[in-house]
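# Overview (structure and organization)
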Amino acid sequence: MNLRVAAEKVLTDHVPSMDRWLRFDSITEKHYEHARGNARRKHLQYTILFGLIFYNVYNLTSFFLMPDIVWLTIAMRVALVTPGSCILAYLVLHASPRMREWLVTVGMINAFTLPLIAFWYTTAPLGAYAFSEQALTLTYGNMLLALRFRHAVMFSIVSVATACLFAATKAGLPDGLMFALCIQMITAGCFTLAGNYLIERRRCEDFLTTLHAKINAENAQTASYALEVLTKTDPLTGLLNRRGLDELLDQAHASDQSLAVMMIDVDHFKMFNDTCGHPAGDSCLIRLAETLNACTHQPGVYCARYGGEEFTILVIDKPPLEVVRIAKQLIQSVRTLNITHPGRSDGKPYVTISIGISAQDGSTTQTIAEVMNAADDALYLAKTLGRDQYRFSDQIEAKLVSGG
């Protein structure tokens, strides 16, 4: 990929948000579920099982408050709510996030409604006192389970409305007591819902703050990387520039690996600019850069613009014959472009390149400057002998002769 294009691929601008119901946008919701979904599932499972213990403890109160239907209330708790809650505790670990929250909400509505049936049905003198249990169920659902706010709203409205309906239609319940119970239930619903909202809003705001900080850090890191890449990229061709090439040369030299350097010059490029103009010259360099980069697109081979009409190919840890093959391919590929060069006077009407090749064995003590100078000398020889060809430094020629 062109380095400049790669450097400009930054993170998508996404601003995490939530609405008045404390719902995250879809992207933020996925981030939240990835970060905290597992903790939420475990919280729901443990809280359901914990609440189930106290829910069944209230079987004892039925002996005092509703002795006439005590076995009915125990049956509802033990035979219906308890197994249903155990199944729910299992399902919350495996359901989707959306389904998980709805299952818990529906489960809480059922757990709230069944004791109301017993309250409505009993004729015991103290039966009305069983109504107070419903406020505890509201507290449990909105505060301990911490239903998501929109689900808490639905749970609270349905539960309070159902409780008031049962109280209003219960036979033998004095009007004053019915009114007092309804007021208490409405108050409990409002208080626990307000508490739920505060808890949920803090949860959402804390996560948004954390996510904003993470996104800002990632954007800063990406911008820093992009800037670093751009400082090593030639703005015209998108190839490595001189700075990027120098870093690669230093790394290759320090690794004690063999390396070869190809110095490439566009033949008679000044005449091309003088005849066709600088815009055409820039276009020519871009096409040449694309071709050179395509020919060297393999591990251990790097293409750079050295400056002006000069390019450099760095080949790391490749045998001399592979270096020669790459050089031949480069020259032939540029010929195939058939870029018209009307300014040439040597009989070739198209753009060509000349290549000088030098190499360094990992065991030698040559400096990078010496390798580059050797490649430059070989390039001068190629141009002197007629251009549109490659020539070697003494090191590579000796290896080819010896079969290395």
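Not measured: the values here are computed from a predicted model. Each residue is numbered by its place in its chain's sequence as written, counting from 1. In view of the model being predicted, local features appear only for residues whose pLDDT reaches at least 70, and side-chain atom pairs are presented and counted only at 80 or more, with totals across whole chains, interfaces and linings using the full set of residues. Computation of side-chain values: all heavy atoms of the structure, hydrogens and water removed.

## A few points about the confidence of the model for the chain
- Confidence in the prediction for the chain averages 88 pLDDT; 91% of positions are at 70 or higher.
- Summarising per-element confidence for the chain, the mean pLDDT is lowest in helix α1 (residues 3-7) (48) and highest in helix α7 (residues 149-169) (97).
- Across residues 6-12 the pLDDT falls below 50, and counting only partners more than four positions away or on other chains, this stretch makes ten contacts in the model. On a scale of 0 to 100, pLDDT captures the predictor's confidence in every residue. Each helix is a run of H or I in the DSSP string that is no shorter than four residues. Each strand is a run of E no shorter than two, and both are numbered from the N terminus. Two residues form a contact once any of their heavy atoms are found within 4.5 Å.

## A look at unusual backbone geometry
- At A146, a position not held by glycine, the phi torsion is positive, near 55 degrees.
- Here A146 shows up in the loop between α6 (133-144) and α7.
- Relative accessibility under 20% of the residue-type maximum defines a buried residue, over 50% an exposed one, and the middle range a partly exposed one, all with a 1.4 Å probe and only protein chains included. When its relative accessible area of 12% is taken as the criterion, A146 is described as buried.
- Of note, the phi angle at D317 is positive, near 60 degrees, even though the residue is not glycine.
- Mapping D317 onto the fold places it in the loop between β3 (310-316) and α12 (320-337).

## As for a nonpolar patch on the surface
- Residues with no salt bridge and a relative accessible area higher than 30% make up the patches, which join like charges within 9 Å and nonpolar side chains (Val, Leu, Ile, Met, Phe, Trp, Tyr) within 5 Å. With residues, only the protein chains shown are counted as cover, and all accessible areas are computed by Shrake-Rupley using a 1.4 Å probe. The term salt bridge refers to a pairing of a side-chain nitrogen on Lys or Arg with a carboxyl oxygen on Asp or Glu at a separation within 4 Å. On the surface, F50, I53, F54, V57, L60, F63, F64, W71 and L144 cluster together into a nonpolar patch covering about 1000 Å² of accessible area.
- Elements with a minimum of two residues in the nonpolar patch: α2 (26-57) and α3 (59-65).
- Here the nonpolar patch gets four residues from one element, more than from any other, and that element is α2.
- Topologically, L144 is positioned in helix α6.
- Classification of L144 as partly exposed rests on a relative accessible area of 38%.

## Some points on the packing of helix α4 (residues 70-91) against helix α5 (residues 97-121)
- Only the contacting stretch of a helix is used when fitting its axis, a line to C-alpha atoms as for every element, and angles between N-to-C directions run 0 to 180 degrees. Following both chains from N to C, one finds α4 and α5 inclined at 175 degrees, their axes separated by 11 Å at the closest point. Taken as axis vectors, α4 and α5 run roughly antiparallel relative to one another. Residue-level inspection shows L72, T73, M76, R77, L80, V81, L88 and L91 of α4 in contact with α5, the latter providing L103, V104, G107, L114, P115, A118 and Y121. We call two directions roughly parallel when the angle between them is under 35 degrees, roughly antiparallel when it is over 145, roughly perpendicular when it lies between 65 and 115, and oblique otherwise.

## Considerations on the packing of α5 against α7
- Between α5 and α7, the least distance of the axes is 10 Å, while the angle of their chain directions is 10 degrees. Relative to α7, α5 is oriented roughly parallel. Mapping the contact onto sequence places E101, W102, T105, M108, I109, F112, T113, L116, I117, F119 and W120 in α5 and H151, M154, F155, V158, S159, T162, A163, F166, A167 and T169 in α7.
- We call Asp, Glu, Lys and Arg charged. Ala, Val, Leu, Ile, Met, Phe, Trp, Tyr, Cys and Pro are nonpolar, and the rest, Gly among them, are polar. A class-by-class count of the residues in the contact of α5 with α7 yields 14 nonpolar, six polar and one charged.

## A short note on helix α13 (residues 368-384)
- Take the number of residues in a helix, subtract one, and multiply by 1.5 Å to get its expected span. Given a rise of 1.5 Å per residue, 17 residues ought to cover 24 Å, and the 24 Å separating the end C-alpha atoms of α13 matches this to within 8%.
- Restricting attention to buried positions, one finds in α13 the residues I368, V371, M372, A374, A375, A378, L379 and A382. Projected onto a plane normal to the axis of α13, the buried residues spread over an arc of 160 degrees and lie on a single side. α13 presents D377, Y380 and T384 as exposed residues on the side facing more than 90 degrees away from its buried surface.
- Once α13 ends, the next one or two residues include G386, with phi positive near 125 degrees. As used here, the arc belongs to the directions running from the helix axis to the C-beta atoms.

## Focus: the sheet that holds β3
- Pairing between strands requires that DSSP locate at least two bridges from one strand to the other. Spatially, β2-β3-β1-β4-β5 is the arrangement adopted by the five strands of the open sheet, whose pairing is mixed. One side of each edge strand has no neighbouring strand; the edge strands of this open sheet are β2 (301-307) and β5 (390-392). Shown here is a sheet whose adjacent strand axes are inclined to one another by a mean of 20 degrees, direction ignored.
- One ladder, built from six bridges, connects β2 with β3; its direction is antiparallel. Within β3, the position partnered with Y302 by the bridge is L314.
- Along the sheet, α12 contacts β1 (259-266), β2, β3, β4 (353-360) and β5; its crossing angle with β4, the most-contacted strand, is approximately 165 degrees.

## A few points about the environment of V57
- Along the chain, V57 falls in helix α2.
- Separated by 179 residues in sequence, V57 and L236 have C-alpha atoms that sit 78 Å apart.

## A closer look at the pairing of β4
- The buried fraction of β4 is high, at eight of eight residues.
- As defined by bridge partners, β1 adjoins β4 across eight bridges and the pair is classed as antiparallel. Counted as the bridge partner of V266 is I353 from β4.
- Across three bridges, β4 lies against β5 in parallel orientation. Residue pairing in the sheet places I355 in a bridge with Y390 of β5.

## Section: α6
- With twelve residues, α6 extends 16 Å between its outermost C-alpha atoms, agreeing within 8% with the 16 Å of an ideal straight helix rising 1.5 Å per residue.
- Just downstream of α6 lies A146, where phi reads positive at about 55 degrees.

## Focus on the pairing of β1
- Here β1 lies mainly inside the structure; eight of its eight residues are buried.
- Here seven bridges tie β1 to β3, and the two strands are oriented antiparallel to one another. Counted as the bridge partner of A260 is V315 from β3.

## Looking at the packing of aromatic side chains
- Any Phe, Tyr or Trp ring, taking Trp's six-membered ring, that has another such ring centre within 6.5 Å forms a pair; planes under 30 degrees apart are called stacked, those over 60 apart edge-to-face, and the others tilted. If you walk through the whole model with that rule in mind, you get eleven aromatic pairs.
- When the centroid spacing of 6.0 Å and the interplanar angle of 35 degrees are considered together, the rings of W21 and F149 count as tilted. Of the two residues, W21 sits in the loop between α1 and α2 while F149 sits in helix α7, which places them 128 residues apart along the sequence.
- Judged by centre distance (5.6 Å) and plane angle (40 degrees), the rings of F24 and Y32 are tilted.
- Among the residues examined, Y32 registers a relative accessible area of 7% and is labelled buried.
- Three or more aromatic residues joined by ring pairs make a cluster, and in this case those are W21, F149 and Y197.
- Distance and angle both matter: a charge sits over a ring if NZ of Lys or CZ of Arg is within 6 Å of the ring centre and within 35 degrees of the ring normal. Directly above the aromatic system of Y55 lies the positively charged group of R77, at a separation of 4.9 Å from the ring centroid.
- Stacked on the ring of F119, the Lys or Arg K170 has its end atom at 5.2 Å from the ring centre.

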